[in-house]
Amino acid sequence: LGWTRTYRKGQESSSSNNWYNGKTYQAKWQGNYQVCDFDKIILGFDYLRERGEGFWAPTYTPKATANTKGYYIENVFTPADNLFLAVSFRTEDHSQFNKHNTLSVSGSYLITQTDTKIKSSFGQGFKAPSLYQLYSPSYGNSGLNPEESESYDLGFEQNIGKKFSLGSTYFHTKIKNAIDWVSTGFWVGEYRNIGKSRIYGIENFIKYLVNKSTSLTISYTHMDTKKISDGT
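These numbers were taken from a predicted model, which means no experiment stands behind them.

Let's shift gears to the packing of aromatic side chains. Scanning all chains against the criterion turns up ten aromatic pairs. Summarising the aromatic geometry, the rings of tyrosine 139 and tryptophan 181 are spaced 5.6 Å apart at their centres and angled 90 degrees between planes, so their arrangement reads as edge-to-face. Remark: tryptophan 181 occurs in strand S10 (residues 179-185) and tyrosine 139 occurs in the loop between helix H1 (131-135) and strand S8 (147-160); sequence separation between them is 42 residues. Classification of tryptophan 181 by relative accessible area gives partly exposed; the value is 35%. Taking 6.4 Å as the distance between ring centres and 50 degrees as the angle between the ring planes, the aromatic pair formed by tyrosine 152 and tyrosine 170 counts as tilted. Separated by 18 residues along the polypeptide, tyrosine 152 in strand S8 and tyrosine 170 in strand S9 (residues 164-176) bring together distant segments of the chain.

This is the structure:
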């Protein structure tokens with residue numbers, strides 16, 4: 001169970017006083033069921049309720065609410081000590097944006113002869129705009145659509161002796177209806193769907209185990225992002 005409160009306070013003057021008060025209520029449950037030695041099923045449910053209200057002189061935005069219910073199931077399959085597979089399905093029911101289904105698949109394989117792990121995954125995403133993005137009296141846009149995405153990655157991890165390990169992963173994400181804040185003037189703007197975007201890059205690391213309780217890691221990520229509509 002969880003509860004959060006976010007209170008945003010802006011300039012205080014007779015002409016530009018503004019604030020936004022948001023609350024969330026959360027409940028989650030997860031159950032793990034071991035079907036056999038090499039197969040496990042994970043079931044889960046989560047619930048999120050948002051409430052928010054705001055004021056930007058002289059406009060008051062009354063309280064708004066949104067509810068999200070999510071149900072998911074995942075099958076974790078390890079038919080051999082060096083092979084791992086997982087498939088998951090999630091359906092999300094939003095009070096304003098209806099139902100959306102997403103799927104993800106991931107796997108890894110350990111080449112025991114060289115102590116090399118090869119890994120890959122594919123996943124879909126859905127993200128409804130928050131109440132602040134929808135109804136904030138200063139920046140909100142009630143016409144926003146949810147973000148949808150597809151991502152995949154492919155990488156490896158290599159152990160070198162007992163002290164060194166290194167790895168590299170390529171990732172690629174496509175986003176539809178990406179939400180971003182767009183300036184329309186000096187200190188003026190709103191959240192908008194900026195269209196399709198894509199993100200890709202590569203993550204790398206080198207790790208050295210000094211002793212049982214200390215390790216040193218160097219990591220480097222190169223990321224390239226672009227808004228498809230205008231190339232920025």
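Attention shifts here to a nonpolar patch on the surface. Judged by side-chain polarity, Trp29, Tyr33, Leu43, Ile73, Val87, Phe89, Leu103 and Val105 come together as a nonpolar surface patch covering roughly 680 Å² of accessible area. Among the secondary structure elements, those contributing two or more residues to the nonpolar patch are strand S2 (18-36), strand S5 (83-94) and strand S6 (98-111). Note on placement: phenylalanine 89 falls in strand S5.

The phi angle at asparagine 98 is positive, at roughly 65 degrees, despite the residue not being glycine. Structurally, asparagine 98 is set in strand S6. The phi dihedral of aspartate 115 is positive, around 55 degrees, even though this residue is not glycine. In this fold, aspartate 115 is placed in the loop between S6 and strand S7 (116-127).

What counts, and where the lines are drawn
- Residues numbered from 1 in each chain as written.
- Predicted model: local features only at pLDDT ≥ 70, side-chain atom pairs only at ≥ 80, totals over all residues.
- Heavy atoms only, no water.
- Phe/Tyr/Trp six-rings, centres within 6.5 Å; stacked < 30°, edge-to-face > 60°.
- Helix = DSSP H or I, 4+ residues; strand = E, 2+ residues; numbered from the N terminus.
- Buried < 20%, exposed > 50% of the residue type's maximum accessible area, 1.4 Å probe, protein only.
- Patch = residues over 30% accessible without salt bridge, like charges linked within 9 Å, V, L, I, M, F, W, Y side chains within 5 Å.
- Areas by Shrake-Rupley, 256 points an atom, 1.4 Å probe, with all protein chains shown as cover.
- Salt bridge = Lys/Arg side-chain N within 4 Å of Asp/Glu carboxyl O.

Function cannot be inferred from these measures alone, as they are strictly geometric.
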